[in-house]
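# Fold and contact review
Listed here are the chains, written in short residue letters.
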Amino acid sequence: MYFTGEFDETVDVAVLGFGNAGAVAAVTAHDAGARVVVLEKQPADNHRPNSRYAAGFFLVPTDVDGACRYLAALYAVNGEEVSPALIRTWAEQTAANPGWLSEHGGEYTVMDLHGEHDTLPGHDAVTVYKAQPTAPYPGCPLHGFLRSLVGKRGIEVRYDTAATTLLTGPDGGVTGVRAGQRDIGVRRGVVLATGGFEGDESLKRQYLPVTPAHFYGSQDNTGDGVRMAQEIGADLWHMNTWPGHFVARFDGTGYDGGTGIDLWGSGRFGPAADGNPGAVFVDGAGRRFLAEPGRQHAANLELTAMDAARLTRPRIPTWWIFDDARFARAPLVPTYSGPAGPVRDHDWSTDNMAELERGWIRLATSIPDLAKDCDLDPGELSSTVARYNELCARGRDDDFGRDPATLTPLTGDRFYAVPLWPGGSHTVGGPRRDEHARVIGVNGDAIPNLYSAGELGSIHGLLYPAGGASLAECMAFGRVAGALAAANRTGVRAGVPARG
């Protein structure tokens, strides 16, 4: 919004959002000599950004050139052309994350994990690290560590303060931000780090390729940064995709407003030799349709197909079918980062009984009866399970190529089902950014004094590189945005002083 008034106060850099991207941007700008204020929408006593509930994995290139080839190949699958300079900045800066963390006292371990899409060139040029706790914190150790860096520097964080409008000058450059009743001027710039729009039903319906899509990320991520940037002419990208997989969602339980419960990482399809029970995914016809469980951050792509003749989406919901061995083995949800639900706020029972009693899990004493309870064709589901058990006996999935080590038959006299939906932790769409973390306008030029970092306008497109790519990007572009915002000297236009 074009602003001609006086500011209530002026700072060097305003950072909007206090997740990992905002924290790193604030620390970097402060260390470069800028006076920084962080504006955070959530209250201090209920501060639950996605960063707090991540598992703490972050992607690290081991070969920058190879990582560039990998990201370019990921874009090429969807025909997307992205600036090589932006790709190289991503590779160089994410490769620098471990050194930056070590320099500031962070700790981590190296995992034996690599690029998720192993048919593409350069997938082996990235690996995954995992942040380790440096002090007690009720959440992701990486976020706890980054919060501590902000606190040690005395950087002001204003909780319960939602930014609503970006203020601009005669040249269209950003000169400040409106938060509540206060107009805050900036001498150097604004960093948008407000997260995605997984908590906004209207934006999801408008932009995502399928409805419904249920997210277990913060429901306070309602696209504030998208709207603020749009209002001053920002170009958007990656609005129609997200790194998605199967999530559970239950009516009438507090999780019926579009939110989901993460079921990834729950040991559903571990090696049979380790005693892991069997399970299959079936569509609305009761048939398998993929090598379970699918690619972790691209499984949503398997779900979006529409039957144009019947005007239905036959894979929404997908049904997770399993036996009593799986039910009794462990909770159906991953437990490595605490409770389940939207930002992990549901304490899933250790024996799954509470959820069974709520009706979240369907139970029957035969496959045909289970099919009836799920509105599936009993004969078709029975044939599917019989065929799957036959493939298990052969030790080879001739239908979909599932990992032979995970082929455990469904047996016993108690069978279960859970409906699964397309979803995930976060969206990636938002204002387009360049290699300098500058927000790009619809005319192709950078909007002066406006930067972005994190899941808002993420660099990730149709395909997600690997687990931990988001946390890596948050740190990498948080540094780029914070450094360049602090170095900028053209923020507040001449002649408009702050009041007081």
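Residues numbered from 1 in each chain as written. Predicted model: local features only at pLDDT ≥ 70, side-chain atom pairs only at ≥ 80, totals over all residues. Heavy atoms only, no water.

## Things to note about the layout of surface pockets
- Quantified by volume, the second largest pocket comes out at close to 240 Å³.
- Lining of the second largest pocket is provided by 17 residues; of these, Arg249, Trp319, Arg362, Pro419 and Trp421 occupy positions nearest its centre.
- Looking at the lining of the second largest pocket residue by residue, the classes come out as 10 nonpolar, 2 polar and 5 charged. (1 Å grid on protein atoms, 1.4 Å probe; cavity = no way out; pocket = protein on both sides within 12 Å on 5 of 7 lines; lining within 4 Å. Points joined across faces, edges and corners; volume = space filled by probe spheres on them. Nonpolar A, V, L, I, M, F, W, Y, C, P; charged D, E, K, R; others polar.)

## Concerning the confidence of the model for the chain
- When the pLDDT values of the chain are averaged, the result is 91; 90% of them are 70 or greater.
- Low pLDDT, under 50, characterises residues 339-343; the stretch is placed with 22 contacts to residues that sit more than four places away or in other chains.
- Across residues 493-500 the pLDDT falls below 50, and counting only partners more than four positions away or on other chains, this stretch makes 19 contacts in the model. (pLDDT = per-residue confidence, 0-100. Contact = heavy atoms within 4.5 Å.)

## Remarks on empty space enclosed by the protein
- Per the counting criterion, the structure on display carries 3 cavities of 30 Å³ or more.
- In terms of lining residues, the largest cavity is bounded by 31 residues, among which Gly17, Ala193, Thr194, Gly195 and Asn221 are the most central.
- Of all the secondary structure elements, the ones that give two or more residues to the lining of the largest cavity are helix H1 (20-31), helix H7 (224-231) and helix H12 (469-487).
- Of all the elements, H1 adds the most residues to the lining of the largest cavity, at 3 residues.
- By residue class, the composition of the lining of the largest cavity is 13 nonpolar, 13 polar and 5 charged.
- Estimated volume of the second largest cavity: approximately 40 Å³.
- Lining the second largest cavity are Leu101, Gly106, Glu107, Ala131, Gln132, Thr134, Pro141, Leu142 and Phe145.
- Ranked by residue count, the leading element in the lining of the second largest cavity is helix H5 (residues 141-152), at 3 residues.
- Classifying every residue of the lining of the second largest cavity gives 5 nonpolar, 3 polar and 1 charged. (Helix = DSSP H or I, 4+ residues; strand = E, 2+ residues; numbered from the N terminus.)

## Some words on the environment of valine 174
- Following the sequence through the fold, valine 174 ends up in strand S8 (residues 174-179).
- Counting along the chain gives 11 residues from valine 174 to alanine 163, while the straight-line C-alpha distance between them is 14 Å.

## Side note on the state of the cysteines
- Counted under the stated rule, the structure contains 0 disulfides.
- Here cysteine 140 stays unpaired: no disulfide links it, and the sulfur of cysteine 474, its closest cysteine neighbor, is 11 Å away. (Disulfide = S-S within 2.5 Å.)

## Looking at the packing of helix H2 (residues 64-77) against helix H3 (residues 84-95)
- At a closest axis distance of 9 Å, the pairing of H2 and H3 adopts a crossing angle of 130 degrees. With respect to H3, the element H2 is oriented oblique. When you trace H2 past H3, the crossing you get is right-handed. On the side of H2, the interface is formed by Val64, Asp65, Ala67, Cys68, Leu71, Ala72 and Tyr75, while H3 contributes Ile87, Arg88, Trp90, Ala91, Glu92 and Ala95.
- A per-class count over the contact of H2 with H3 returns 10 nonpolar, no polar and 3 charged. (Axes fitted to C-alpha atoms, helices over the stretch in contact; angles between N-to-C directions. Parallel < 35°, antiparallel > 145°, perpendicular 65-115°, else oblique. Left-handed = near helix turned anticlockwise from the far one by under 90°.)

## Section: the packing of H1 against H12
- At a closest axis distance of 7 Å, the pairing of H1 and H12 adopts a crossing angle of 35 degrees. Relative to H12, H1 is oriented so that their crossing is right-handed. Across the interface between the two elements, Asn20, Ala21, Val24, Ala25, Thr28 and Ala29 of H1 pack against Leu471, Cys474, Met475, Gly478, Arg479, Gly482, Ala483 and Ala486 of H12.
- Classifying every residue of the contact of H1 with H12 gives 9 nonpolar, 4 polar and 1 charged.

## Overview of the pairing of strand S7 (residues 163-168)
- Counting buried residues along S7, 5 of its 6 residues qualify, which places the element largely inside the surrounding structure.
- Examined bridge by bridge, S7 and S8 share 5 bridges and lie antiparallel to one another. Paired with threonine 168 across the two strands is valine 174, which belongs to S8. (Buried < 20%, exposed > 50% of the residue type's maximum accessible area, 1.4 Å probe, protein only. Pairing = 2+ DSSP bridges.)

## As for unusual backbone geometry
- Cis peptide bonds are those with omega within 30 degrees of zero, and the linkage from threonine 211 to proline 212 qualifies with 5 degrees.
- The omega torsion of the bond from glutamate 292 to proline 293 falls at 5 degrees, within 30 degrees of zero and hence cis.
- Residue placement: proline 293 occurs in the loop between strand S14 (279-282) and strand S15 (318-323).
- Located in the positive-phi region is leucine 311, a residue other than glycine, with phi close to 55 degrees.
- Looking at leucine 311, the relative accessible area reads 65%, which means it is exposed.
- The phi torsion at aspartate 375 lies on the positive side, around 60 degrees, for a residue other than glycine.

## A word on the sheet that holds strand S5 (residues 126-132)
- Here we have 3 strands laid out as an open sheet, ordered S3-S5-S4, and antiparallel in their pairing. With partners counted over all chains shown, the strands left at the sheet margins are strand S3 (57-61) and strand S4 (107-114), one partner each. Sheet twist, expressed as the mean angle between neighbouring strand axes with direction ignored, is 35 degrees.

## Some words on the pattern of salt bridges
- Tallied over the full model, the rule gives 29 salt bridges.
- One salt bridge connects arginine 227 with aspartate 200, and the closest N-O pair in it is separated by 3.2 Å. Of this pair, arginine 227 sits in helix H7 while aspartate 200 is found in the loop between strand S9 (182-192) and helix H6 (201-207), placing the two residues 27 residues apart along the sequence.
- Residue class for arginine 227 comes out partly exposed when judged on its relative accessible area of 36%.
- The class for aspartate 200 is buried, based on a relative accessible area of 12%.
- Across the pair arginine 438 and aspartate 434 runs a salt bridge whose closest N-O atoms are separated by 2.8 Å.
- Exposure remark for arginine 438: the relative accessible area of 33% places this residue in the partly exposed category.
- Here the salt bridges share partners, and the residues they tie into one network are Arg387, Glu390, Arg394, Arg396, Asp398 and Asp399. (Salt bridge = Lys/Arg side-chain N within 4 Å of Asp/Glu carboxyl O.)

## A look at the environment of glycine 278
- Relative to the helices and strands, glycine 278 is located in the loop between strand S13 (261-262) and S14.
- Other than its neighbours up to four places away in sequence, glycine 278 contacts Phe322, Asp323, Arg326, Tyr388, Thr408, Pro409 and Leu410.

## Thoughts on H1
- The end-to-end C-alpha separation of H1 is 16 Å, in line with the 16 Å expected for 12 residues at 1.5 Å each.
- The element H1 is largely enclosed, with a buried count of 10 among its 12 residues.
- Every buried residue of H1 is accounted for by Asn20, Ala21, Gly22, Ala23, Val24, Ala25, Ala26, Val27, Thr28 and Ala29.
- On its buried face, H1 is in contact with strand S1 (9-16), strand S2 (36-39), helix H4 (97-103), H5, S9 and H12. (Expected span 1.5 Å × (residues − 1).)

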